[in-house]
Amino acid sequence: MLTLKNISKTFNIGTVNEKKALQGLDFKLNDGDFVTVIGGNGAGKSTLLNMIAGVFSCDNGNGKIEIDGVDVTKMPEHKRAKYVGRVFQDPMRGTASDMGIEENLAMAYRRGKIRGLGWGITDKERKEYEKLLAMLDLGLENRLTSKVGLLSGGQRQALTLLMSTLKKPKILLLDEHTAALDPKTAAKVLEITQKMVEKDNITTLMITHNMKDAIRMGNRLIMMHNGKIIYDVSGEEKKNLTVKDLLAKFENISGDELANDRMLMN
């Protein structure tokens, strides 16, 4: 489903602030994989997602990115968007706050289509939106015309998640999408995430600083450090991991101590 070959990304090349965010990364996701991604600050996690989404290009034209067999390496972000769904850390991103819930869903549904005079929302669409919103169990199916800006952070993030999966993307990118939420709301959004990913068997990459969530969610876990994948685990071995195991693995493989307060606290 997703193949990355020799992916490198360096920022501020030739300056004192030069930073190698990704270093010759090779990575493959199989169809239906749900991979959690962990690592300290500056490990290259978000850069990895940005490379897949097309926000950044590979260094010097090297490297190759394929999504579902299609070479998207040189494809711009707006064209690559038809393959990719994405939810960011900030609940304010991904939705139009001054538009209603149904209008936001309609925009997501029509992504990639030519918008003509018949852009209005049909009764059939409204019934479908109500059905989908009911799955979130947040009461939003009764608030189709409510402005998104009036929703709570958790409601908004759940709506963004629904919008990002509405067209069944080839790959879903979750960039710490629960980090800005309180623990109870974060747990609810993760529950919704699990439900939606399983419903359509969506291949997913989820960055998280919560090691317990990283172990519990998905079928595979990767650990990043200095722009490289230093640990890749799946199946029963992943299920049997503990937070203590992960901290020990990081120290043994990288030679460093994982000094990241958010990760150590979770």
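If you're wondering where the values come from, they're calculated on a predicted model, not measured in any experiment. (Residues numbered from 1 in each chain as written. Predicted model: local features only at pLDDT ≥ 70, side-chain atom pairs only at ≥ 80, totals over all residues. Heavy atoms only, no water.)

1. So, helix α9 (residues 243-254)
Spacing of three or four residues puts side chains on the same side of an α-helix, whose turn is 3.6 residues. For α9, built from twelve residues, the straight-helix expectation of 16 Å at 1.5 Å per residue is met to within 8% by its first-to-last C-alpha distance of 16 Å. Of the residues making up α9, those classed as buried are V243, L246, F250 and S254. Seen along its axis, α9 keeps its buried residues to an arc of 60°; they face one direction. For α9, the exposed residues set more than 90 degrees away from the buried face come down to K244 and N252. (Helix = DSSP H or I, 4+ residues; strand = E, 2+ residues; numbered from the N terminus. Expected span 1.5 Å × (residues − 1). Buried < 20%, exposed > 50% of the residue type's maximum accessible area, 1.4 Å probe, protein only. Arc of directions from axis to C-beta.)

2. Description of the packing of aromatic side chains
Under the definition given, this model contains one aromatic pair. Ring centres of F11 and F56 lie 5.1 Å apart, and the angle between their planes is 75°; this geometry places the pair in the edge-to-face category. You can see F11 sitting in strand β1 (residues 2-11) and its partner F56 sitting in the loop between α1 (45-53) and β4 (64-67), a full 45 residues away along the chain. In this structure F11 comes out as partly exposed when scored by relative accessible area, which is 25%. Positioned above the aromatic ring of F88, the side-chain terminus of R93 is 3.8 Å from the ring centre. (Phe/Tyr/Trp six-rings, centres within 6.5 Å; stacked < 30°, edge-to-face > 60°. Lys NZ or Arg CZ within 6 Å of the ring centre and 35° of its normal.)

3. Quick notes on the sheet that holds β4
The four strands are arranged β2-β1-β4-β5 in an open sheet whose pairing can be described as antiparallel. Of all the strands in the sheet, the pair left with one neighbour each is β2 (19-29) and β5 (70-71). Inspection of the sheet shows β1 paired to β2 by seven bridges, in the antiparallel sense. The residue of β2 that forms the bridge with L4 is F27. In this fold α1 packs onto β1, β2 and β4, with an angle of close to 115° to the strand it touches most, β1. (Pairing = 2+ DSSP bridges. Contact = heavy atoms within 4.5 Å. Axes fitted to C-alpha atoms, helices over the stretch in contact; angles between N-to-C directions.)

4. Considering the sheet that holds strand β10 (residues 228-234)
With mixed pairing, the six strands of this open sheet are ordered in space as β6-β7-β8-β3-β9-β10. In the strand order of this sheet, the two ends are held by β6 (84-87) and β10, each with one partner. The average angle at which neighbouring strand axes cross in this sheet is 20°, direction not considered. The pairing of β6 with strand β7 (residues 171-175) spans four bridges and is parallel. Looking across to β7, one finds that G85 is bridged to L172.

Everything listed is a geometric property; what it means functionally is a separate question.
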